[in-house]
Structure formats: C-alpha cells, structure tokens
Amino acid sequence: MFCLKSLNILGSKAELASLPEGKLLINTINAHSYNTARKDSLFADALTNGDVLIPDGVSIVKACKWIKAKSQPKERIAGWDLFFFEMNKLEKKGGTVMFMGSSQKVLDLIVKRAAVDFPHLKVVTYSPPYKPEFSDEDNKAIIDAINAANPDLLWIGMTAPKQEKWTYSHWNELNIHCHVGTIGAVFDFFAGTVERAPIWWQEHGLEWLYRLIKEPKRMWRRYIIGNSLFLWNMVKE
C-alpha cells in the first residue's frame, strides 16, 4: 500500500543544490498525485522508486508533520522551483535542454521564451502523439529522439500520472546522463498558455484555490473531492 509516512521526500529548496550529477529521475508529489497513487500501482512504484521526490504542495508538507512521517519537508518545492533551479544551473555552463511532451504550439512558445531567458541553452523539443496510450512505435520514436538529443537536462510534460509512469517504465532505455524532471504543468506556465497564481496565493499555500477559481469545471473534482479524500487517507495513515 502506498503510504506518505514511509516515502523519502526532499526537505527544502536548498537541498536541490546537493543533488548528485548524472542520470537522476525527479518526480513531484501533491495531494492529487498521492490520491491517484493509492489506486494506481505503477504510478505508486514510479513515485516510490524514482531518485528524488519533491513536495509540490503545502498539504504534503503539513501532512508529513501531522502523521509524523519519516520525511519532514520544511517547505513546498513547486515544479516551477525545480525548473528554474535546474535551468539557471545549466545556463551558467551552457548545454542542451530537451522538452518532451505537450503540443507543438506550447513547445514553440517555450523555445521562444527560453531564447530570451536562457540564451546559452540549446533547446530541443518533441511533441508526442495526443492519445491515452502510446503504441510500441510511439514509444520507440520518443526514446530514439531523447537518446539522439543526448540532453544535459530533460523535462517530461504529459500530465500526471502519465508522465511519471512513462518515464519510470522506459528509464532503462534512456541512454542519457542528466537530471530528468516530470513537470507537466510547468510547460504551460513557462509557455504562458496557463497563468500561474500570483505570489501572494503561492506564499499562503492557496495556489490550488486560485486554479480552482480560474478553472472550476476542470479542477473541482481534483480539489473539492480530492482534498477531502486526502484528509481521510491521512486519518487512516
């Protein structure tokens, strides 16, 4: 059974600087992904067995304290925080960053912004087919594109849990040497196709409420029902 109490979760943003170099799978966890992993064993395995798990939600930080979990993260580390930490780090020495996922429209916007924000980085993109499950041919094409690019940093953006499950399932086929982050929503935030919550909302742990207000039809189930389910699961833990 997938349990928050036993997970190894990164403690703070400062610890990002201590992550080892080389091939490293970095996933995020929030209340929604926790709920999903409770009923999706492959997703649970991906989160449990990845190299690094960051607490992308105030609910995770508070729950770890409440249930006296093995990990006691001090703060939320958003996928956005991970993204800018890694991008700025690579910008200092130059290199290739690859974005795999999302639509070609979003990827083109990412390339355009990256050229301004990170001028010393070569940006490579790959937009996979938009379908619930990839065929063997699709998977081979994606893997071949990543290996051919041989990036110094790789971002996977296909929304959770698809992005984590795909990366975990094909990890041994990726002949790369870099950090890999599964950060679907950040693709849209960086491209500007989805507006991120203002700083005040972020600092007060209310980014979820901002997203609910902005996209009620898409987000109500995740946050209204999902947050209640998360609390109930914490009581059971």
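This text follows the structure it describes.
Described below are features of the structure shown in this document. Fair warning: this is a prediction, and the values are worked out from it, not measured in the lab.

Here is what the cut-offs are and how they apply
- Residues numbered from 1 in each chain as written.
- Predicted model: local features only at pLDDT ≥ 70, side-chain atom pairs only at ≥ 80, totals over all residues.
- Heavy atoms only, no water.
- Helix = DSSP H or I, 4+ residues; strand = E, 2+ residues; numbered from the N terminus.
- Rg over C-alpha atoms; globule rule 2.2 N^0.38 Å.
- Buried < 20%, exposed > 50% of the residue type's maximum accessible area, 1.4 Å probe, protein only.
- Contact = heavy atoms within 4.5 Å.
- Areas by Shrake-Rupley, 256 points an atom, 1.4 Å probe, with all protein chains shown as cover.
- Lys, Arg positive; Asp, Glu negative; His and termini not counted.
- Charge placed at Lys NZ, Arg CZ, Asp CG, Glu CD.
- Expected span 1.5 Å × (residues − 1).
- Pairing = 2+ DSSP bridges.
- Axes fitted to C-alpha atoms, helices over the stretch in contact; angles between N-to-C directions.
- Right-handed = clockwise from strand over helix to strand, strands pointing away.
- Polar contact = N/O pair within 3.5 Å; in protein donor to acceptor, adjacent residues only side chain to side chain.
- Salt bridge = Lys/Arg side-chain N within 4 Å of Asp/Glu carboxyl O.

## Concerning the overall build of the protein chain
Here is step 1: When you go through the protein chain residue by residue, the secondary structure sums to eleven helices and six strands.
Here is step 2: For 237 residues, the compact-globule estimate of 2.2 N^0.38 gives 18 Å, and the C-alpha radius of gyration of the protein chain, at 17 Å, lies within 12% of that figure.
Here is step 3: Counting only residues that meet the buried cut, the protein chain has 47% of its 237 residues in that class.
Here is step 4: Expressed as a percentage of contacts within the protein chain between residues at least 6 apart in sequence, the contacts between residues at least 24 apart total 75%.
Here is step 5: About 11900 Å² of surface is accessible on the protein chain, with carbon and sulfur atoms providing 55% of the total.
Here is step 6: Between the centroid of the 30 positive side chains of the protein chain and the centroid of its 26 negative side chains there is a distance of 6 Å.

## Quick look at helix 6 (residues 136-149)
Here is step 1: For helix 6, spanning 14 residues, the distance from its first C-alpha to its last is 20 Å, which sits close to the expected 20 Å at 1.5 Å a residue.
Here is step 2: Its buried side turned inward, helix 6 meets strand 3 (95-101), strand 4 (121-126), strand 5 (153-157) and helix 7 (162-169).
Here is step 3: In the segment just after helix 6, Asn150 is the residue with positive phi, at about 45°.

## A short note on the sheet that holds strand 6 (residues 179-182)
Sheet strands line up and pair through hydrogen bonds in the backbone, either parallel or antiparallel.
Here is step 1: Spatially, the six strands line up as an open sheet ordered 2-1-6-5-3-4, and their pairing is parallel. Of all the strands in the sheet, just strand 2 (52-55) and strand 4 have a single pairing partner and so form its edges. For this sheet, the mean angle separating the axes of adjacent strands, direction not counted, is 20°.
Here is step 2: Sheet analysis places strand 1 (residues 24-29) next to strand 2, joined by four bridges and oriented parallel. Looking at strand 2, one finds that Ile26 is bridged to Val52.
Here is step 3: The strands touched by helix 7 are strand 1, strand 3, strand 5 and strand 6; relative to strand 6, the strand with the most contacts, the crossing angle is about 150°.

## A look at the pairing of strand 6
Here is step 1: The alternating pattern of strand 6 places His179 and Gly181 on one face and Val180 and Thr182 on the opposite face, and all of these are buried.
Here is step 2: Sheet topology note: the strand 1/strand 6 ladder contains three bridges and is parallel. If you follow Leu24 over to strand 6, its bridge partner there is His179.
Here is step 3: Looking at chain direction, strand 5 and strand 6 are connected through four bridges and run parallel. What sits directly across from Trp155, in strand 6, is Gly181.
Here is step 4: The handedness of the strand 5 to strand 6 crossover, carried by helix 7, is right-handed.

## Regarding the environment of Gly11
Here is step 1: Examined against the element boundaries, Gly11 turns out to sit in the segment before strand 1.
Here is step 2: The spacing of Gly11 and Glu164 is 153 residues in sequence and 21 Å in space, taken between C-alpha atoms.
Here is step 3: Each residue touching Gly11, except ones within four places of it in the same chain, is listed here: Pro73, Lys74 and Glu75.

## Points about the side chain of Arg196
Here is step 1: For Arg196, the location among the structural elements is in the loop between helix 8 (184-191) and helix 9 (199-203).
Here is step 2: At 3.1 Å, the side chain of Arg196 forms a polar contact with the side chain of Gln202.
Here is step 3: Here the side chain of Arg196 touches Glu207 through a polar contact of 2.8 Å, side chain to side chain.
Here is step 4: Setting aside residues up to four positions removed in sequence, Arg196 forms contacts with Arg76, Ala78, Trp80, Phe189, Gln202, Glu207 and Tyr210.

## Details of the pattern of salt bridges
Here is step 1: Taken as a whole and judged by the stated rule, the model has eleven salt bridges.
Here is step 2: Ionic pairing is found between Lys131 and Asp138, a salt bridge with its closest N-O pair at 2.9 Å.
Here is step 3: The class of Lys131 is partly exposed, set by a relative accessible area of 32%.
Here is step 4: Two residues, Lys140 and Asp144, come together in a salt bridge whose shortest N-O distance is 2.7 Å. Of this pair, Lys140 and Asp144 both sit in helix 6, four residues apart, which is roughly one turn of that helix.
Here is step 5: Overlapping salt bridges bring together Asp56, Arg76, Arg196 and Glu207 as one network.

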